[in-house]
Amino acid sequence: MTGLLVVRPGPLTTVQDLGRRGVAHLGVPRAGALDEPALRAANRLVGNPAGTAGLETTLGGVTLRAVGPQLVAVTGGPAAVRLDGRPVAWGAAVAVPDGSVLDLGPATHGVRGYLAVAGGLTVPPVLGSRSADLLSGLGPAPLTVGQLLPVGPPFASDRADLVPLPAPPAELVLRLQPGPHLDWFAAAARPLLARSRYLVGPASNRIALRTEGPPLPRARADELPSEGMVLGAVQVPPDGRPMVFLADHPTTGGYPVIGVVPAADLPAAAQTRPGTPVRFVPLTR
Amino acid sequence: MDLTFRQVGADALLVRAPDGETVAALYAALLARRDELPAITEIVPAARTVLLDGLADPELTRQRLAGWRLPPHPPADGPLIELPTVYDGADLAEVAALWGCSPAEAVRLHSSFEYRVAFCGFAPGFGYLTGLPAPYEVPRRDTPRSSVPAGSVALAGPYTGVYPRSSPGGWQLLGRTSVALWDTDREPAALLAPGVRVRFVPVAAA
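Going by an unreviewed UniProt entry, chain B carries the name KipI family sensor histidine kinase inhibitor and comes from Kitasatospora gansuensis.

An unreviewed UniProt entry lists chain A under the name Biotin-dependent carboxylase-like uncharacterized protein, with Kitasatospora gansuensis given as the organism.

Here you go:
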């Protein structure tokens, strides 16, 4: 079998595609790459369709040995890429001969790296997706040493030589559409959110970007009956600190939602490290 | 029809209903009449709302829905699933005390009602079952357990639920079932999808 053998899994490396759709009513999160444009770019560089499964690394990179010759590309948070110890291109296709070792080093900026391989990772799909969902434990488990990731036959499509790759932001700016529970917050809450500086919290993960900053005052102390939650929902738990729901967010939730971050702003959120300043910019609609 | 609509972000609509019965009726109508609406990716019923997400046209969806007439009561649409249950949960005596009866009577009561999956959440395959009459509602435990065994049949507020896999949980444990609630190799993966009717059948421990 042709594939990629995991030599060093890194702190958290998962298989991701564009996630699961149409199963939220069963309690199944959408999952999928947090920095979706980065996965799409990596796939284009190796001639894969946009939704082909690749790897998402977290801060520390990953080391893989090719079983059979492979063509790979690395995007996302910039990092040093080495082939058998020699530097090779980041953000471009790299041919990896059979038996060679590809090392994606720690991210120098940003958080998450994306590695696509021509033909894609062909782990068994679950409910239409190969994505690992860390909230409910669906899909393939995070990578472990010695695991062989199967790779499919290359697609016949054209490869892009170059794709635009945005730099991870020094400050995260999140636009905010009005949420469905504005009336659950004190009148001062939204202005406070708009003018305060928040920081990305260390507990951020694939489920949510957590923030640290002034707590948002509530107008109502009672409990919200559970309701469906969208990607980008800014939920405010009892501690008053806004959290932005990312790909592995629970499909229903019981804390009020003060706003919704448009999907276009979330890839940048996936690349911000703890301590990065966050600014919320309320939109009228 | 007393539905209210709120757009959530660019492509989702939250539809609020006055009570759980209207939510059930709306959810059944949405599944049956989905073709009359612009494209929708997710239909997520909950306690008092149905979330429509991934909408091709939120405003047109709202207009179409506002014109719908819903039947007054939820249709008994779902299949009936019987869950053989060993009623030996850690909180059975406490629930019986809250209900002012003996544990044996609590088992008889809990297994006498027919339940309906109102919505799912918390974990894949976890259904929020309505059907417990209001006088039998019990609070969550003050301190959640760090691990509730898979298959646990539990109560909280107006809901009964069955934990599909071992997880932390604060509901009152009545017993356990060995039926697999979630199996991705099975079609459907979730035994308890919204609309499914459920009966708990007391059985002796194996």
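Let's pick the thread back up.
Draft legend 1. Examining the overall build of chain B more closely. Tallying secondary structure elements over chain B gives four helices and 13 strands in all. For 206 residues, the compact-globule formula gives about 17 Å, and the C-alpha radius of gyration of chain B, at 18 Å, lands near that figure. Taken along the three principal axes of its C-alpha coordinates, chain B extends 55 × 35 × 30 Å. Going through the 206 residues of chain B one by one, you find that 51% of them count as buried.

Draft legend 2. Focus on the environment of Ala 193 of chain B. Tracing the backbone shows Ala 193 of chain B in the loop between strand 12 (172–176) and strand 13 (197–202). Between the alpha carbons of Ala 193 of chain B and Ala 118 of chain B there is a distance of 8.5 Å; along the sequence they are 75 residues apart. If we ignore the near neighbours within four places in the chain, the residues touching Ala 193 of chain B are Leu 26 of chain A together with Val 117 and Cys 120 of chain B.

Draft legend 3. Region of interest: the domain arrangement of chain A. Residues and elements named next belong to chain A. For chain A, the assigned domains are domain 1 (3–150) and domain 2 (172–282). A separation of 28 Å is found between the C-alpha centroids of domain 1 and domain 2. Taken together, the contact pairs 27 residues of domain 1 with 16 residues of domain 2. Roughly 1600 Å² is buried in total at the junction of domain 1 and domain 2, and carbon and sulfur atoms are behind 56% of that figure. Among the residues domain 1 hides against domain 2, the three largest losses belong to Arg 30, Leu 34 and Leu 135. Together they make up 35% of the total.

Draft legend 4. Layout of the pattern of salt bridges. Residue and element names in this part refer to chain B. Counting across every chain of the model gives 16 salt bridges over all chains. Here Arg 62 ties to Glu 59 by a salt bridge, and the two come within 2.8 Å at their closest N and O atoms. Here Arg 62 pairs with Glu 59, and both are found in helix 2 (residues 58–66), just three residues apart, close to one helical turn. Residue Arg 62 is classed as partly exposed on the basis of its relative accessible area of 28%. Note on Glu 59: relative accessible area 35%, which makes it partly exposed. Residues Arg 141 and Asp 91 are paired through a salt bridge, measuring 3.0 Å at the closest nitrogen-oxygen approach. Taken together, the residues Arg 141 in the loop between strand 7 (123–130) and strand 8 (145–148) and Asp 91 in the loop between strand 5 (80–85) and helix 3 (92–99) connect sequence positions 50 residues apart. The class for Arg 141 is partly exposed, based on a relative accessible area of 25%. Given a relative accessible area of 2%, Asp 91 falls into the buried group.

Draft legend 5. Geometry of the interface of chain A and chain B. Listed by partner, the interface residues are 29 residues for chain A and 34 residues for chain B. Regarding the contact of chain A and chain B, the summed buried area is about 2300 Å², with carbon and sulfur atoms giving 61% of it. Area buried by chain A at its contact with chain B is led by His 25, Leu 26 and Pro 180 of chain A, which between them contribute 24% of it. Where chain A meets chain B, there are zero salt bridges. The interface formed by chain A and chain B includes eight residue pairs in polar contact (both at pLDDT 80 or more). Grouping the constituent residues of the side of chain A that touches chain B by class yields 13 nonpolar, 11 polar and five charged.

Draft legend 6. Just the domain arrangement of chain B, in detail. Residue and element names in this part refer to chain B. Domain parsing of chain B yields domain 1 (4–67) and domain 2 (80–202). Its C-alpha centre places domain 1 at a distance of 28 Å from the equivalent point of domain 2. Residue-level contacts link five residues of domain 1 with five residues of domain 2. Scanning the region where domain 1 abuts domain 2 turns up zero salt bridges. Among the residues forming the side of domain 1 that touches domain 2, the class breakdown is five nonpolar, no polar and no charged.

Draft legend 7. Representation of the sheet that holds strand 17 (residues 243–245) of chain A within the structure. All names here are of chain A. Overall, mixed pairing links the seven strands, which are arranged 12-19-16-17-14-13-20 in a closed barrel. Each strand axis lies, on average, 40° off the axis of its neighbour in the sheet, ignoring direction. Across three bridges, strand 14 (residues 208–212) lies against strand 17 in antiparallel orientation. Bridge pairing links Leu 209 to Val 244 in strand 17.

Draft legend 8. Highlighting the sheet that holds strand 2 (residues 12–16) of chain B. All names here are of chain B. Sheet architecture is open: four strands sit in the order 1-2-4-3, paired in antiparallel fashion. One side of each edge strand has no neighbouring strand; the edge strands of this open sheet are strand 1 (4–8) and strand 3 (42–45). For this sheet, the mean inter-axis angle between neighbouring strands, taken without regard to orientation, is 20°. Here strand 3 pairs with strand 4 (residues 49–53) via four bridges, running antiparallel. Looking across to strand 4, one finds that Ile 43 is bridged to Leu 52.

Draft legend 9. Representation of the nonpolar core in the model. Residues and elements named next belong to chain B. Grouped together as the largest cluster of nonpolar side chains are 34 residues, with contacts concentrated most on Trp 99, Val 198 and Phe 200. The element best represented in this core is helix 3, accounting for four residues. Those residues in contact with Trp 99 that lie beyond four places of it in its chain are Ala 106, Leu 109, His 110, Leu 132, Tyr 136, Val 138 and Leu 155.

Draft legend 10. Region of interest: the side chain of His 249 of chain A. Assignment of secondary structure puts His 249 of chain A in the loop between strand 17 and strand 18 (252–253). What His 249 of chain A contacts, discounting residues up to four positions off in sequence, is Pro 29, Arg 30, Leu 135, Ile 207, Met 229, Val 230 and Leu 231 of chain A.

Draft legend 11. Spatial organisation of the side chain of Thr 14 of chain A. Residues and elements named next belong to chain A. Within the secondary structure, Thr 14 sits in strand 2 (residues 14–16). A polar atom in the side chain of Thr 14 sits 3.1 Å from the side chain of Gln 16. With sequence-adjacent residues up to four places away left out, Thr 14 is seen in contact with Gly 54, Leu 55, Glu 56, Ala 132, Leu 134 and Pro 142.

Draft legend 12. Geometry of helix 1 (residues 36–45) of chain A. Residues of helix 1 of chain A that are buried: Ala 38, Leu 39, Ala 41, Ala 42, Asn 43 and Leu 45 of chain A. Just past helix 1 of chain A, the residue Gly 47 of chain A takes up positive phi, approximately 80°.

Definitions and cut-offs
Residues numbered from 1 in each chain as written. Chains lettered and ligands numbered in written order. Predicted model: local features only at pLDDT ≥ 70, side-chain atom pairs only at ≥ 80, totals over all residues. Heavy atoms only, no water. Helix = DSSP H or I, 4+ residues; strand = E, 2+ residues; numbered from the N terminus. Rg over C-alpha atoms; globule rule 2.2 N^0.38 Å. Buried < 20%, exposed > 50% of the residue type's maximum accessible area, 1.4 Å probe, protein only. Contact = heavy atoms within 4.5 Å. Domains from an automatic or database assignment. Buried area = accessible area lost by both parts, 1.4 Å probe. Salt bridge = Lys/Arg side-chain N within 4 Å of Asp/Glu carboxyl O. Polar contact = N/O pair within 3.5 Å; in protein donor to acceptor, adjacent residues only side chain to side chain. Nonpolar A, V, L, I, M, F, W, Y, C, P; charged D, E, K, R; others polar. Pairing = 2+ DSSP bridges. Axes fitted to C-alpha atoms, helices over the stretch in contact; angles between N-to-C directions. Core = buried A, V, L, I, M, F, W, Y, C linked by side-chain atoms within 4.5 Å.

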